Amino acid sequence: VSKFSVYDNTMDKLVELPLNQAIDVATTLLQETNAVLPVSTQMLERLRLNLDDEMGMKRILKMLIMYGAPSPILTDQLLELLQISEYPKSIIECTAALAGNNEKNLEKIIMSFQDFIHSAGDGVLWLNIIGALSELELTSERLRIRVFKLITESLDIVEEEDVPIVVRTLLHTVTKSTAQQI
């Protein structure tokens, strides 16, 4: 029996394993096999099923950031989790690290963050979203303008201590057409 066949049998059970064991097995699979998407999906399924507490969620997301790979499918799964998770802050904070630089992927993230801000209403996670947006690899002017508009439309909820992060993100999104507004 090869090492990988043992992992293949275990991969399907990542949801059933205790958290520490699931993370150990998933980390090994992510490092030693080409099963990044299936392993990542199984670990995100744990989050979807609320099997772990907030610390467990953070450990899973950290592992995916360290050993996973950007994927549109993974981004879709994270954005779906954002809407249903008890701990959306952790998901927001890791999204940029797992986003890659695919323009369609980035646009989905920006749209989902915008929808999340509007649906949450209270702006509690607004700063986390702005921080995550500042970490995205925005190569197109169109996406930079979109992020710029999202930030400027939400400036009424900025607290004084949040100004440095907001300014950093605005500078990250500046284009010829938005430079005058800053």
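Given the structure is predicted, the values throughout are model-derived calculations rather than measurements.

Conventions adopted
Residues numbered from 1 in each chain as written. Predicted model: local features only at pLDDT ≥ 70, side-chain atom pairs only at ≥ 80, totals over all residues. Heavy atoms only, no water. Helix = DSSP H or I, 4+ residues; strand = E, 2+ residues; numbered from the N terminus. Buried < 20%, exposed > 50% of the residue type's maximum accessible area, 1.4 Å probe, protein only. Areas by Shrake-Rupley, 256 points an atom, 1.4 Å probe, with all protein chains shown as cover. Expected span 1.5 Å × (residues − 1). Arc of directions from axis to C-beta. Contact = heavy atoms within 4.5 Å. Polar contact = N/O pair within 3.5 Å; in protein donor to acceptor, adjacent residues only side chain to side chain. Patch = residues over 30% accessible without salt bridge, like charges linked within 9 Å, V, L, I, M, F, W, Y side chains within 5 Å. Salt bridge = Lys/Arg side-chain N within 4 Å of Asp/Glu carboxyl O. pLDDT = per-residue confidence, 0-100.

(A) Quick peek at the overall build of the protein. Counting secondary structure elements, the protein contains 10 helices and zero strands. When the helices and strands of the protein are placed in sequence order, the string is α-α-α-α-α-α-α-α-α-α. The proportion of buried residues among the 182 residues of the protein is 47%. Approximately 9,600 Å² of the protein is accessible, and the part contributed by carbon and sulfur atoms is 51%.

(B) The arrangement of helix H2 (residues 19-32) in detail. If you check H2, its first and last C-alpha atoms are 20 Å apart, about what 14 residues at 1.5 Å a residue would give, namely 20 Å. Along H2, the residues that are buried comprise Leu19, Ala22, Ile23, Val25, Ala26, Thr27, Thr28, Leu29 and Leu30.

(C) Highlighting helix H4 (residues 54-67). With 14 residues, H4 should cover 20 Å at 1.5 Å per step; its first-to-last C-alpha distance of 20 Å lies within 8% of that length. Residues of H4 that are buried include every one of Gly56, Met57, Ile60, Leu61, Met63 and Leu64, and no others. Around the axis of H4, the buried residues are gathered within 155° of arc, so they sit on the same side. For H4, exposure combined with an orientation more than 90 degrees from the buried face picks out Met55 and Lys62. The elements touched by buried residues of H4 are H2, helix H3 (36-48), helix H5 (72-84) and helix H6 (88-95). Among the residues of H4, the N-terminal cap falls to Asp53, whose side-chain oxygen and the backbone nitrogen of Met55 are separated by 3.3 Å.

(D) Just a nonpolar patch on the surface, in detail. A cluster of nonpolar side chains, contributed by Val163, Val167 and Leu171, occupies part of the molecular surface with about 240 Å² of accessible area. Position of Val163 relative to the elements: it lies in helix H10 (residues 163-173). What makes Val163 partly exposed here is its relative accessible area of 38%.

(E) Representation of the confidence of the model for the protein within the structure. Residue-level pLDDT values for the protein average 85, and 90% of them are 70 or greater. Element-level pLDDT for the protein is lowest in helix H1 (residues 3-11), with a mean of 55, against a maximum mean of 95 in H4.

(F) Structural detail: the pattern of salt bridges. Summed over the entire model, instances satisfying the criterion amount to seven salt bridges. Put simply, Arg46 and Asp52 hold a salt bridge, and the shortest N to O gap is 2.9 Å. Pair check on accessibility: Arg46 and Asp52 agree, each one buried. One salt bridge in this structure joins Arg142 and Glu103, with 2.8 Å as the shortest N-O distance. You can see Arg142 sitting in helix H9 (residues 141-153) and its partner Glu103 sitting in helix H7 (residues 103-120), a full 39 residues away along the chain. In this structure Arg142 comes out as partly exposed when scored by relative accessible area, which is 43%. When salt bridges that share partners are traced, they join Glu103, Glu107, Arg142 and Arg146 into one network.

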